[in-house]
Amino acid sequence: MSDNLNNKTEKLTDKAFIRLVITSFLAVVLCVTCLCGASWAWFSGSTTSTGNEITTAICELKIFVNDGSSTELAAVTVDSEAILSLDAGNYTVVMTLPQDSASGYSVITVDGISYYSEALISSSDPVEQTLTFNLTLESEHSVKVAAHWGIYSGTIDVSNSGTLIIP
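Residues numbered from 1 in each chain as written. Predicted model: local features only at pLDDT ≥ 70, side-chain atom pairs only at ≥ 80, totals over all residues. Heavy atoms only, no water.

Caption draft 1: Local environment of the overall build of the protein. In terms of regular secondary structure, the protein is built from one helix and nine strands. Along the protein, helices (α) and strands (β) appear in the sequence α-β-β-β-β-β-β-β-β-β when read from the amino end. Burial statistics for the protein: of 167 residues in total, 29% are counted as buried. For the protein, contacts bridging at least 24 residues in sequence account for 74% of all contacts bridging at least 6. Counting every atom, the protein has about 11500 Å² of accessible surface; 57% of that belongs to carbon and sulfur. (Helix = DSSP H or I, 4+ residues; strand = E, 2+ residues; numbered from the N terminus. Buried < 20%, exposed > 50% of the residue type's maximum accessible area, 1.4 Å probe, protein only. Contact = heavy atoms within 4.5 Å. Areas by Shrake-Rupley, 256 points an atom, 1.4 Å probe, with all protein chains shown as cover.)

Caption draft 2: Just the pattern of salt bridges, in detail. Here the structure, examined in full by the defined rule, presents one salt bridge. Between E81 and K144 there is a salt bridge whose closest N-O contact spans 3.7 Å. With a gap of 63 residues between them, E81 in strand β3 (residues 81-86) and K144 in strand β8 (residues 141-149) connect regions that are remote in the sequence. For K144, a relative accessible area of 28% corresponds to the partly exposed category. (Salt bridge = Lys/Arg side-chain N within 4 Å of Asp/Glu carboxyl O.)

Caption draft 3: Inspection of the nonpolar core at higher detail. Of all hydrophobic cores here, the largest spans 25 residues; its most connected members are V65, I108, L135, L137, V143 and I166. Not counting the four nearest positions on each side in its chain, I108 is found in contact with I113, S114, Y115, F133, L135, V143, K144 and V145. (Core = buried A, V, L, I, M, F, W, Y, C linked by side-chain atoms within 4.5 Å.)

Caption draft 4: A look at the sheet that holds β3. As summarised here, the arrangement of the four strands in space is β3-β8-β5-β6, forming an open sheet in which the pairing is antiparallel. Since the sheet does not close on itself, it has two edges, and those belong to β3 and β6 (113-116), each with one partner. Strand-to-strand, the axes of this sheet are offset by a mean angle of 25 degrees, without reference to chain direction. Strand direction decides the pairing type here: β3 and β8, joined by six bridges, are antiparallel. In the strand pairing of β8, I83 is matched with K144. (Pairing = 2+ DSSP bridges. Axes fitted to C-alpha atoms, helices over the stretch in contact; angles between N-to-C directions.)

Caption draft 5: Seen up close, the packing of aromatic side chains. Applying the stated criterion across every chain, the model contains three aromatic pairs. Ring geometry for Y105 versus Y152: centroids 5.7 Å apart, planes at 40 degrees, classification tilted. Separated by 47 residues along the polypeptide, Y105 in strand β5 (residues 104-110) and Y152 in the loop between β8 and β9 (163-166) bring together distant segments of the chain. The class of Y105 is buried, set by a relative accessible area of 12%. (Phe/Tyr/Trp six-rings, centres within 6.5 Å; stacked < 30°, edge-to-face > 60°.)

Caption draft 6: Broad picture of the environment of A102. On the secondary structure map, A102 appears in the loop between β4 (89-97) and β5. As a C-alpha pair, A102 and I121 span 19 residues in sequence and 7.3 Å in three-dimensional space.

Caption draft 7: Summary view of unusual backbone geometry. Positive phi values are uncommon outside glycine, yet D111 reaches one of about 50 degrees. By the element assignment, D111 lies in the loop between β5 and β6. By relative accessible area, which is 48% here, D111 ends up partly exposed.

Caption draft 8: Just the confidence of the model for the protein, in detail. Looking at the protein, the pLDDT average stands at 81 and 86% of residues meet or exceed 70. Per-element averaging of pLDDT across the protein places strand β1 (residues 62-66) at the bottom with 75 and β6 at the top with 93. (pLDDT = per-residue confidence, 0-100.)

Below you can see the structure in the form of structure tokens.
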């Protein structure tokens, strides 16, 4: 009986070895196929996006300074500034923000001290927004007017219809 078992074991071993080789070969072929397919998908895949439009914020804030006689002393837009030498008196500062423009505020610098206006917040309203305030100088000063986009996060020194008095 033991001789019979050895013969069967030898025959099973040959068959098992061939099955093992064929199974291993098929597994290698399957792995190579998956690897090639994944590589091809990685390098050839693409997407297209329709309807996603990226736009940058544009602020068209404009600031006008006049002396009450409708004479424009300065006109500035975002990222520009005007340096004025103003006598004592009352001046009107008008900020305008067109429809669909990004928010903006003004910085009035008098003799090196900066004063910040209330911001005009962007809106989809069909009319432009306006912020007007008075600048009262009690003596001659060097005044720099600048427009900035965004919303100032610090203390606001002057708001709409307000007055900024500089001694």
